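# Residue-level structure breakdown
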Amino acid sequence: MNKEMRDLAAWSIETAKSAGADDCRVEIGRSRSVEISYRERKPENIKEASTRGLSIEVFAGGRYSSQSTSDLRKESLQTFISTAVAMTKLLAKDPYRTLPDPKYYLGRPELDLQIVDPTYDQLTPEDRHNMVKAIEDSCLRAGGEKAVSVTALEKDGHGESVTLTSNGFEGYSESTEYGAGADMTVRDENDRRPEGGFGATVVARKAMPRPEEIGAIAAKRALDLLGAKKIKTETLPIIVENRSAPRLLSGLLSAMSGWSIQQKRSFLADKKGQRIAGQRLTLIDDPLLVGGLGSRLYDGDGFPAKKRTMIESGVLNDFYVDWYYSRKLGWEPTTGGPSNLIIPPGKRSVGEIMKDLGRGIFITGFLGGNSNSTTGDSSLGIIGKLFEKGEPVQSVAEMNIAFNHLEFWKSLAEAANDPWLYSSRLIPSLVFTDVVVSGV
Amino acid sequence: MGWYGLAGADKPDYFNAEFGVTDALCQKLLAEALSKGGDFADLYFEHAISNSIALEDGKVNRAYSNVALGVGIRTVKGDQVGYAFTQELTEKSMLAAASVAATITNGQAREVAGGFVGLKLENYYPLESLLTAVPLESKLPLVQAVNDKCFSRSPLVAKVSAGFHDEQKRILIVTSEGRKAEDLLPSNYLSASVAAEKDGKRETAFWNLGGRKDFSYYTPAVVDEVANAVVDRTIILFDAVQPPAGEIPVVLGPGVTGILLHEAIGHGMEADFNRKKTSTFCTMIGKQVAEPFVTILDDATNPNLPGSINVDDEGTPGQKTVLVDHGILASYMHDKISARHYKVDPTGNGRRESYQHYVMPRMRNTYMLAGQATPEDVIKSAGNGIYVQDVSNGQVNIGEGDFAFFVSRGRMIENGKLTAPIKDINIMGNGPKMLRNITMAANDLEMYRGGAGMCGKNGQSVPVGFGLPTVLVKSMTVGGVKAQGVRG
């Protein structure tokens, strides 16, 4: 716990209460980050940032507001907080808006999530530059004559935050994060210059792939886009690559929140306990995953973190319901939003699955599109590879898939054995049968 | 009772008056930023206040505000940028940030002349009063009225969320070339989102009106227009059908559909992508890219539109840039770095999200001039296709020029006539190919009148505007669910 931040949070609560607040929640955070990119073998951007901020949620006379500022001087804060309280009192009452019953704060797990890299402070500017140079170098080498432009990037950051409420919640969290990657633009026919790349985010430096590997994968992914065409509209099996699969999943998640259910914007509102997907879909929310990018000991309401199976063998088990919407809905709260999301991997590699399917499309990226959380209708642009007889034969672009989530997930046939390890969405490549892929 | 406001914001020399940012201090900071050489350096001071009130379940029962204060310091050498910012406007903190920015280069210190000359700027968004000075009591009834009007418009309305958002941003830019520019940017909108129910089905829609407006803009007529538009846009979706998938003619109705230009050509004409040769347009300047009736502009000077700016975020005055002149690709959108690269004048497109971000070439208000045809003629010429009315979002891959935009509302065109409504369809195309395929434009140019339009690039978000007359694109890929001939 950072004492200086904790003291300021406690002082802010006292200040708000003296100004007439009944209750409040204060969060104070600070972070430091560095970002370096290279192009044409020299630094393109070097950026350093230190931020700090305070946010305060005020509960006064049955009313609510939330305010934030980066000006943490006490004189400024005094005025800021008293204005916040006075302004809150002008709003309409909201009987559902309270701090949680403190009994819901109990039972916080005591374990080391290992989301702080103890070696963070040892990272030097030279280390950073050397890493980006090595990424750029390997990408340029692997790209060869087709490479038009390569940008290699490293960023890292360290942040901490303190949360305090007037009814007894106290939390501290600290984490580190490293990101590295490269994007390469390659020369194609007809003025087309596709850009492909690879990027990874990790909590601890030792989990980062080697820079040579990052550069080489980025180049390969860019070269893979060459010669893209649109093929004729057809019903085909698709494999959605692990790192792109979260985009599909977000269409389900947006309909699983207490807000969307209470506001009649969820196509899943009445589906709890029902089958909404194929047997193969199990979705686990695990905030306690050691070393996970979405790991946490408590959520935004201060509820203790708990592993939950949101969807089990295709059956919808649970929703994301925070304290406020639990009161509006008259339900028990769960947690306000996702932490680490896991779909258990299957046994076969993407290559083996392709061989089995024969012909289909391996989707490696989405372009535009949207998903409607009220109706479940979704339409997404796709890029990827057509495979025939189990082998990739043609890059595709300017094509689209459209579906309703309630039908679509029932056609989930298999999960591959390749969960994506570089985000809080640990999802393997997913296989769907009979999808209309529109093109010419 | 006021809200968070910018004290003395109507005064000139705001940052000096409020925070003691003198010319001498700026000179010292710029000297530190150029202490290891570099072509130029600049300081970007920002004090921004944003306030939002929101209604849910019939009452305006929540409010949010944010105060942002800081300075971003940049050192530029060729196309290399060193950047740092601080939220503490103390000399010590600012000097430390300047010395971090300086690390981009490693040469001889460069002198900075004092005596900064303030730019005289046009004002494209004059205000009678600051929105942050408008009492909360005056804003609450607007939002409540939108809610009440929505419910009285249709018995199918089940839920309404409404809100009023306003931001006032004070900026000061000081450059090592001796320029100084100050601006006050308002940004605001009144919005509503409706969920309706009919025969066990549900639909939702969103609408907003706003821009860089004075509070006097928000009359009862504007309240009515937001409420009527959002309810009508929701109700019609109950009758929507799915269009066929595949390549068909597309007619874009006037207004928000201008997002098509933003994605199909706008991003690809941002000069950073072209100097890096990563845009599909990088070899096309001076070439014919569209029919001679096609002229496309990117414009900072439209009164009160969301993308209008009196000065860009590196001190170049707001101006109008012709991207496509009678079918010929005329100019990229430049910031100072790309303008030096191409040896042209900057076009005033250097923008940033906040003091925490460095400048990039960005769009302002992007639109196409009106043509000669009537909208009816354009629809008739399409034969069988689709008509696009509302677009919610879009995306482009710069290098290929492949883009997509998401149609939240439209109609089928059958035998030259508008028929059944359609919804939730992604449309895809290729920028240069789409430009060549614009075969007709009507005489009804309309600018999008919302204030909530944001454009994202490299993690930075800035407000932008769009506009389009009714145009016919003879073929685009429509992402429907019915594969013609495969599934009924």
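So, here is what we can say about the structure in this document. Keep in mind it's a predicted model, so treat the numbers as computed, not measured. (Residues numbered from 1 in each chain as written. Chains lettered and ligands numbered in written order. Predicted model: local features only at pLDDT ≥ 70, side-chain atom pairs only at ≥ 80, totals over all residues. Heavy atoms only, no water.)

### Comments concerning the overall build of chain A
A count of helices and strands for chain A gives 9 helices and 17 strands. Taken over the C-alpha trace, chain A has a radius of gyration of 24 Å; the compact-globule value for 440 residues is 22 Å, and the two agree within 12%. The buried share of chain A, taken over its 440 residues, is 58%. When contacts within chain A are restricted to residue pairs at least 6 apart in sequence, long-range pairs at least 24 apart make up 71% of them. With an accessible surface of roughly 17300 Å², chain A has 49% of that area assigned to carbon and sulfur atoms. (Helix = DSSP H or I, 4+ residues; strand = E, 2+ residues; numbered from the N terminus. Rg over C-alpha atoms; globule rule 2.2 N^0.38 Å. Buried < 20%, exposed > 50% of the residue type's maximum accessible area, 1.4 Å probe, protein only. Contact = heavy atoms within 4.5 Å. Areas by Shrake-Rupley, 256 points an atom, 1.4 Å probe, with all protein chains shown as cover.)

### Looking at empty space enclosed by the protein
With the rule as written, the count across this model stands at 3 cavities of 30 Å³ or more. By volume, the largest cavity is sized at about 80 Å³. Taken together, A:D285, A:P287, A:R296, A:Y298, A:D299, A:F303, A:P304, A:A305, A:K306, A:R308, A:T334 and A:T335 make up the full set of residues lining the largest cavity. One number sums up the size of the second largest cavity: a volume of about 50 Å³. Lining of the second largest cavity is provided by A:R192, A:L225, A:A228, A:I383, A:G384, A:S395, A:V396, A:A397 and B:E400. Listed by contribution, the elements that provide at least two residues to the lining of the second largest cavity are strand 13 (377-388) and strand 14 (391-404) of chain A. Broken down by element, the residue count for the lining of the second largest cavity peaks at 3 residues, all from strand 14 of chain A. (1 Å grid on protein atoms, 1.4 Å probe; cavity = no way out; pocket = protein on both sides within 12 Å on 5 of 7 lines; lining within 4 Å. Points joined across faces, edges and corners; volume = space filled by probe spheres on them.)

### Looking at the interface of chain A and chain B
With 77 residues of chain A at the interface, the matching set in chain B holds 85 residues. Between chain A and chain B the total buried area reaches about 6800 Å² when both faces are included, carbon and sulfur atoms providing 49% of it. For the chain A face of the interface with chain B, the top three residues by lost area are A:K264, A:L367 and A:E398, together amounting to 10%. Across the chain A-chain B interface, the total number found is 11 salt bridges. In this structure, A:K328 engages B:E56 in a salt bridge whose closest nitrogen and oxygen atoms are separated by 2.7 Å. Linking chain A with chain B are 48 residue pairs in polar contact (both at pLDDT 80 or more). With 11 residues, strand 2 (residues 42-60) of chain A is the largest single contributor of residues to the side of chain A that touches chain B. Here the residues of the side of chain A that touches chain B sort into 27 nonpolar, 28 polar and 22 charged. Where strand 3 (residues 63-69) of chain A lies against strand 2 (residues 59-77) of chain B, 4 bridges are found, and the strand directions are parallel. Bridge pairing in strand 2 of chain B links A:T69 to B:V67. (Buried area = accessible area lost by both parts, 1.4 Å probe. Salt bridge = Lys/Arg side-chain N within 4 Å of Asp/Glu carboxyl O. Polar contact = N/O pair within 3.5 Å; in protein donor to acceptor, adjacent residues only side chain to side chain. Nonpolar A, V, L, I, M, F, W, Y, C, P; charged D, E, K, R; others polar. Pairing = 2+ DSSP bridges.)

### Topic: the environment of B:D299
Residue and element names in this part refer to chain B. For D299, the location among the structural elements is in strand 9 (residues 296-299). Between the alpha carbons of D299 and D13 there is a distance of 27 Å; along the sequence they are 286 residues apart. For D299, the residues in contact, after removing those within four places along its chain, are G307, Q319, K320, R364, N365 and Y367. Engagement of the side chain of D299 in a polar contact is seen with the side chain of Y367, the distance being 2.6 Å.

### Re the pattern of salt bridges
The tally for this structure, following the rule as stated, stands at 59 salt bridges over all chains. Where A:E391 meets A:K355, a salt bridge forms, and the shortest distance between an N and an O atom there is 3.3 Å. Placement of the pair is A:E391 in strand 14 and A:K355 in helix 8 (residues 350-357), with a sequence separation of 36 residues. With a closest N to O distance of 3.1 Å, B:D224 and B:K149 form a salt bridge.

### Here we look at the packing of aromatic side chains
Each aromatic ring pair is described using two quantities: the centre-to-centre distance and the angle formed by the ring planes. On inspection of all chains with the given rule, the structure shows 29 aromatic pairs over all chains. Ring centres of A:Y105 and A:F169 lie 5.2 Å apart, and the angle between their planes is 55°; this geometry places the pair in the tilted category. You can see A:Y105 sitting in the loop between helix 2 (74-88) and helix 3 (125-143) and its partner A:F169 sitting in the loop between strand 4 (147-165) and strand 5 (170-186), a full 64 residues away along the chain. A single burial state applies to A:Y105 and to A:F169, both of which are buried. Ring centres of B:F403 and B:F405 lie 6.2 Å apart, and the angle between their planes is 5°; on these two criteria the pair is classed as stacked. Assigned by exposure class, B:F403 and B:F405 land together as buried. A network of ring pairs unites the aromatic residues A:F403, A:F408, A:W409 and A:F432 as a single cluster. The residue whose ring lies beneath B:R352 is B:Y44, and the NZ or CZ to ring-centre distance is 4.0 Å. (Phe/Tyr/Trp six-rings, centres within 6.5 Å; stacked < 30°, edge-to-face > 60°. Lys NZ or Arg CZ within 6 Å of the ring centre and 35° of its normal.)

### A closer look at helix 1 (residues 3-18) of chain A
Residues and elements named next belong to chain A. For helix 1, built from 16 residues, the straight-helix expectation of 22 Å at 1.5 Å per residue is met to within 8% by its first-to-last C-alpha distance of 22 Å. By the burial criterion, the buried members of helix 1 are M5, L8, A9, S12, I13, T15 and A16. Viewed along the axis of helix 1, the buried residues span an arc of 165°, placing them on a single side of the element. Exposed residues on helix 1 whose side chains face more than 90 degrees from its buried face are K3 and S18. (Expected span 1.5 Å × (residues − 1). Arc of directions from axis to C-beta.)

### Some points on the packing of helix 1 of chain A against helix 2 of chain A
Residues and elements named next belong to chain A. At a closest axis distance of 9 Å, the pairing of helix 1 and helix 2 adopts a crossing angle of 45°. With respect to their mutual orientation, helix 1 and helix 2 come out oblique. Considering the relative orientation of helix 1 and helix 2, their crossing is right-handed. Across the interface between the two elements, L8, W11, S12, T15 and A16 of helix 1 pack against K74, L77, Q78, I81 and V85 of helix 2. (Axes fitted to C-alpha atoms, helices over the stretch in contact; angles between N-to-C directions. Parallel < 35°, antiparallel > 145°, perpendicular 65-115°, else oblique. Left-handed = near helix turned anticlockwise from the far one by under 90°.)

### What to know about helix 4 (residues 211-223) of chain A
All names here are of chain A. End to end, helix 4 covers 19 Å across 13 residues, agreeing with the expected 18 Å (1.5 Å per residue, within 8%). Considered for burial, the residues of helix 4 that qualify are P211, I214, G215, A218, A219, R221 and A222. With its buried residues spanning 165° around the axis, helix 4 presents them on a single face.

### Examining the layout of surface pockets
Estimated volume of the second largest pocket: approximately 770 Å³. Contributing to the lining of the second largest pocket are 42 residues, with B:E46, B:E167, B:K169, B:E353 and B:S354 lying nearest its centre. For the lining of the second largest pocket, the secondary-structure elements that each account for two or more residues are strand 1 (23-39), strand 2 and strand 3 of chain A together with strand 1 (40-56), strand 2, strand 5 (157-175), strand 6 (179-198) and strand 22 (460-463) of chain B. With 5 residues, the top contributor of residues to the lining of the second largest pocket is strand 1 of chain B. In terms of residue class, the lining of the second largest pocket is made up of 15 nonpolar, 17 polar and 10 charged.

### A closer look at the side chain of B:T295
All names here are of chain B. The residue T295 is located in the loop between helix 7 (271-275) and strand 9 in this model. Owing to a relative accessible area of 8%, T295 belongs among the buried residues under this scheme. Polar side-chain contacts of T295 include one of 3.0 Å to the backbone nitrogen of H326. T295 has contacts with V322, V324, D325, H326, Y367, M368 and L369, leaving out every residue within four places of it along the chain.

### Examining the pairing of strand 8 (residues 244-252) of chain B
Within a regular strand, side chains alternate between the sheet's two faces. All names here are of chain B. Most of strand 8 sits inside the fold, with 7 of its 9 residues counted as buried. Relative to strand 24 (residues 471-478), strand 8 is paired through 6 bridges, and the arrangement is antiparallel. Residue pairing for strand 24: V250 is matched across the bridge by V473. Where strand 8 meets strand 15 (residues 385-397), 3 bridges bridge the pair, whose relative direction is parallel. The partner of V250 across the bridge, within strand 15, is I386.

### Focus on the nonpolar core
Core analysis: the largest hydrophobic core is formed by 84 residues, its most contacted members being B:L190, B:F405 and B:I427. Take this core: its biggest share by element is 7 residues, from helix 5 (residues 220-235) of chain B. Look past the residues within four positions of B:F405 in its chain and what remains in contact with it is B:L252, B:I259, B:L260, B:V388, B:V391, B:N393, B:G394, B:I425, B:N426, B:I427 and B:M476. A:L268, A:L283, A:I361 and A:L412 belong to the second-largest nonpolar core, a separate cluster that totals 46 residues. (Core = buried A, V, L, I, M, F, W, Y, C linked by side-chain atoms within 4.5 Å.)

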